[in-house]
Structures are given as structure tokens and as C-alpha cells.
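Each chain, letter by letter, is given below.
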Amino acid sequence: MKGKSISAKLSLAAAAVTLITLIVFVIYGAIYSYLDSVVILALALGVVCAAAYGLVGHRAVEFLNLVQVLLVSYGVGLFFLNSYPVWADRLNNITMYGARGSLVPVVAIILLCFAAAILGIASCFTRKEAA
């Protein structure tokens, strides 16, 4: 880590936050039966892309931090879309959609996705070469 650039360090931090988000999402999905394989795939690929950008020093990985941002953004968008029963039932104090979860884990997952995307974006705007 000592010889890594700021961009690589931010990308590795984005990989860590995305991995934490993936773990939280899998636990949430298993508990409340809201697992979505496409969200899992998007977050898992986001972890791989961010880690590859931070660890591999080859020109082939130069845009993987941007791909990580796209994957996490897609994953959070799909998760938000699929969590409408929770939003509708909990915010309106109804049981129309039969939501099994609460808003706290949903908001936590969304905020973690935003944090991972922001770290990836910051990695895009810093230099890859070590200073």
C-alpha cells in the first residue's frame, strides 16, 4: 500500500466498501427474502473491477474504476427499484405490498452504495501513477 497512488488507494477503498455493501445486501436479502441475483452480480463485479484497478499496474485496467462506478450505480438503482414495497408500506404506514423488511437496512445499503460510487469517482479524478 505504501507505493500505491492516491487513485489506487481510493479504488481499493471503493472495493472494500462495495464488498461490505455486498455482504450487508446478502444478509438483508437472506433474512427478508429479497435476494436479487443481478444486484449481487453487479456488486461482486464492482468489487473485482475496483480491486483490479488498485492492484494491477497494466494499461488494460485503466478504466476499471469507472466500470466499478457504473456497476455499483446500476446495482443501487435496481435495488432501489426492487425495494418499492418497503418504501410504500413503511412510509405510508400500510401493508398493501406485504413488505417484510424495514427502511433502516434499505437506506443503509443505498448509502453504502453511494459511498462506494463516490470513492470510485474520486479515484477517476486522481492520477494512477504513484507520486
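Just so we're clear, the structure is a prediction, and the values are computed from it rather than from any experiment. (Residues numbered from 1 in each chain as written. Predicted model: local features only at pLDDT ≥ 70, side-chain atom pairs only at ≥ 80, totals over all residues. Heavy atoms only, no water.)

Engineer: How should the environment of L64 be read in this particular structure?
Structural biologist: By the element assignment, L64 lies in helix α3 (residues 64-82). The spacing of L64 and V48 is 16 residues in sequence and 8.9 Å in space, taken between C-alpha atoms. If we ignore the near neighbours within four places in the chain, the residues touching L64 are C49, A52 and Y53. (Helix = DSSP H or I, 4+ residues; strand = E, 2+ residues; numbered from the N terminus. Contact = heavy atoms within 4.5 Å.)

Engineer: Quick question: what am I supposed to make of the packing of aromatic side chains here?
Structural biologist: Each aromatic ring pair is characterised by the separation of its centres together with the angle its planes make. Inspection of every chain in the model, using the stated rule, returns five aromatic pairs. Seen in terms of ring centroids, F25 and F79 are 5.5 Å apart; in terms of plane orientation they differ by 90 degrees. Their pairing is edge-to-face. Of the two residues, F25 is situated in helix α1 (residues 6-32) and F79 in helix α3; the sequence distance between them amounts to 54 residues. A residue is classified by how much of its surface remains accessible, and F25, at 0% relative accessible area, is buried. A relative accessible area of 5% means that F79 is categorised as buried. When the centroid spacing of 6.1 Å and the interplanar angle of 80 degrees are considered together, the rings of Y28 and F79 count as edge-to-face. One end of the pair, Y28, is in helix α1; the other, F79, is in helix α3, and 51 residues separate them in sequence. Across this residue pair, the class does not change: Y28 and F79 are buried. Aromatic rings pair up to connect F25, Y28, Y32, Y34 and F79 into one cluster. (Phe/Tyr/Trp six-rings, centres within 6.5 Å; stacked < 30°, edge-to-face > 60°. Buried < 20%, exposed > 50% of the residue type's maximum accessible area, 1.4 Å probe, protein only.)

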